[in-house]
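If you want the building blocks of each chain, they are given just below.
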Amino acid sequence: VVRTLAPRLTGRTIVHATFSSRHIVRERAAVLAARLSGRRVLAVRRRAKFVLLELDGGTLAIHLGMTGKLRFDCPASKHGYAVFELNDGVLLFDDPRQFGKIEWEPPRIAALGPEPLEIGPDEFAARLKQRRGRLKPLLLNQAFLGGLGNIYVDEALHRAGIHPLARAASLSAPRAARLLGAIREILTAAIALGGSTISDYVDAAGRRGGFQLLHRVYGRAGEPCLNCGAAIRKILVSQRGTHFCPRCQKR
Ligand SMILES: [Zn+2]
């Protein structure tokens, strides 16, 4: 999303912003709108799952939630709960389920763990050693590692041959390195393909993702594992649907 948004947004000025969902904007809409008015977009970047608009004089953080979409110069829509009128063009935040968030410099950005594409294998293994608990909830914990969501955790664990309920602290250094390698491979491939479109996700240019076609476990419960043929299982881990191969993935 950032890759498609940055060239369209950088250098433009927010002339006027309107917010119409109290789920998406928790502070008073008029206060946030006044704060943004007249500010220029210096850069658009990503940190973990947040889209950050670096403005002259502060940062606006946008979390897409489950169904949030940032669209540039597209017609007004029923679920367009944030409208940024720019000096040239309009940015719309469309979010049918309203799980997205738009926040001015939220403290939770500073509390995010390292980026999976940046952390080294030694540091990753050391961080795992310090933690109690199972692997999957830890990988979803944004303070442990920033940016992984449910789909990519399931896919990475399958590719690394590690069970989602394995104990984080008991992972050997080679298995930890294999897991980090799998996470990187998955994220790099998914970003190159524009993400995973499960329902109606599109990037800022309106394109659907293509990585869902490469999912090996997510959404494939009962279907044969592409490595070994065993039926993919689905269980609940921390309230999240978790897909794995009972034969390939070891604790
Ligand atoms: Zn298998």
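Residues numbered from 1 in each chain as written. Predicted model: local features only at pLDDT ≥ 70, side-chain atom pairs only at ≥ 80, totals over all residues. Heavy atoms only, no water.

Draft legend 1. Here's a closer look at the overall build of the protein. Helix and strand counts for the protein come out as 6 helices and 10 strands. Relative to the 2.2 N^0.38 estimate, which gives 18 Å for 251 residues, the radius of gyration of the protein is 20 Å and therefore close to what a compact globule would have. In terms of its C-alpha atoms, the protein occupies a principal-axis envelope of roughly 55 × 35 × 30 Å. Across the 251 residues in the protein, those meeting the buried criterion constitute 49%. If you take every contact in the protein between residues at least 6 apart in sequence, the share linking residues at least 24 apart comes to 60%. Counting 40 positive and 20 negative side-chain charges, the protein places the centres of these two groups 9 Å from one another. (Helix = DSSP H or I, 4+ residues; strand = E, 2+ residues; numbered from the N terminus. Rg over C-alpha atoms; globule rule 2.2 N^0.38 Å. Buried < 20%, exposed > 50% of the residue type's maximum accessible area, 1.4 Å probe, protein only. Contact = heavy atoms within 4.5 Å. Lys, Arg positive; Asp, Glu negative; His and termini not counted. Charge placed at Lys NZ, Arg CZ, Asp CG, Glu CD.)

Draft legend 2. Up close: the coordination of the zinc ion. Distances from the zinc ion to its protein donors, namely Cys225 (SG), Cys228 (SG), Cys245 (SG) and Cys248 (SG), fall within the range 2.2 to 2.4 Å. Seen from the zinc ion, its 4 donor atoms lie at angles of 101 to 113°, and the figure they make is tetrahedral. Mapping the donors of the zinc ion onto the primary sequence yields the spacing C-x2-C-x16-C-x2-C. Of this pair, Cys228 sits in the loop between helix H6 (173-192) and strand E9 (233-237) while Cys245 sits in the segment after strand E10 (240-244); the two residues are 17 residues apart in sequence, bridging distant segments of the chain. (Donors = N, O, S within 2.8 Å, 3.2 Å for Na, K, Ca; no water. Tetrahedral: all angles 85-135°; square planar, octahedral: opposite > 155°, others 65-115°.)

Draft legend 3. A look at the packing of helix H3 (residues 121-129) against H6. Two elements in contact, H3 and H6, have axes whose closest approach is 9 Å; the angle formed by their N-to-C orientations is 115°. When the axes of H3 and H6 are compared, the pair comes out roughly perpendicular. Crossing of H3 against H6: the hand is right-handed. Where H3 abuts H6, its residues Pro121, Phe124, Ala125 and Leu128 lie against Ala176, Leu179, Leu180 and Ile183. Its residues placed into classes, the contact of H3 with H6 shows 8 nonpolar, no polar and no charged. (Axes fitted to C-alpha atoms, helices over the stretch in contact; angles between N-to-C directions. Parallel < 35°, antiparallel > 145°, perpendicular 65-115°, else oblique. Left-handed = near helix turned anticlockwise from the far one by under 90°. Nonpolar A, V, L, I, M, F, W, Y, C, P; charged D, E, K, R; others polar.)

Draft legend 4. Up close: the packing of helix H5 (residues 150-160) against H6. Where H5 contacts H6, the axes come no closer than 8 Å and their chain directions differ by 130°. It follows from the interaxial angle that H5 and H6 lie oblique. As H5 packs across H6, the resulting crossing turns out to be right-handed. Residues Tyr152, Glu155, Ala156, Leu157, Arg159 and Ala160 of H5 form the contact with H6, whose participating residues are Arg178, Leu179, Ala182, Ile183, Ile186, Leu187 and Ala190.

Draft legend 5. Spotlight on the sheet that holds strand E6 (residues 80-86). Spatial strand order, E1-E6-E7-E5: 4 strands in an open sheet with antiparallel pairing. The sheet is open, and its two borders are formed by strand E1 (14-19) and strand E5 (69-72), each paired with just one other strand. Each adjacent strand pair in this sheet contributes to an overall mean axis angle of 15°, direction not counted. Inspection of the sheet shows E1 paired to E6 by 5 bridges, in the antiparallel sense. Counted as the bridge partner of Thr18 is Val83 from E6. Running at roughly 35° to E5, helix H1 (residues 2-9) makes contact with E5, E6 and strand E7 (90-94) of the sheet. Helix-sheet contacts for helix H2 (residues 29-36) involve E1 and E6, and the interaxial angle to E1 is about 165°. (Pairing = 2+ DSSP bridges.)

Draft legend 6. A positive patch on the surface, seen in detail. Judged by side-chain charge, Arg132, Arg134, Arg167 and Arg251 come together as a positively charged surface patch. With respect to the helices and strands, Arg134 occurs in the loop between H3 and helix H4 (135-140). On the basis of relative accessible area, Arg134 is assigned to the partly exposed category, the value being 31%. (Patch = residues over 30% accessible without salt bridge, like charges linked within 9 Å, V, L, I, M, F, W, Y side chains within 5 Å. Areas by Shrake-Rupley, 256 points an atom, 1.4 Å probe, with all protein chains shown as cover. Salt bridge = Lys/Arg side-chain N within 4 Å of Asp/Glu carboxyl O.)

Draft legend 7. Quick peek at the pattern of salt bridges. Tallied over the entire structure, the rule returns 11 salt bridges. With a shortest N-O distance of 2.9 Å, Arg108 and Glu103 are connected by a salt bridge. The partly exposed category is assigned to Arg108, whose relative accessible area is 37%. Judged by relative accessible area, which is 22%, Glu103 ranks as partly exposed.

Draft legend 8. Seen up close, the packing of aromatic side chains. Inspection of the entire model under this criterion finds 2 aromatic pairs. Taking 5.7 Å as the distance between ring centres and 75° as the angle between the ring planes, the aromatic pair formed by Phe19 and Phe84 counts as edge-to-face. You can see Phe19 sitting in strand E1 and its partner Phe84 sitting in strand E6, a full 65 residues away along the chain. In terms of burial, Phe19 and Phe84 fall into one category: buried. (Phe/Tyr/Trp six-rings, centres within 6.5 Å; stacked < 30°, edge-to-face > 60°.)

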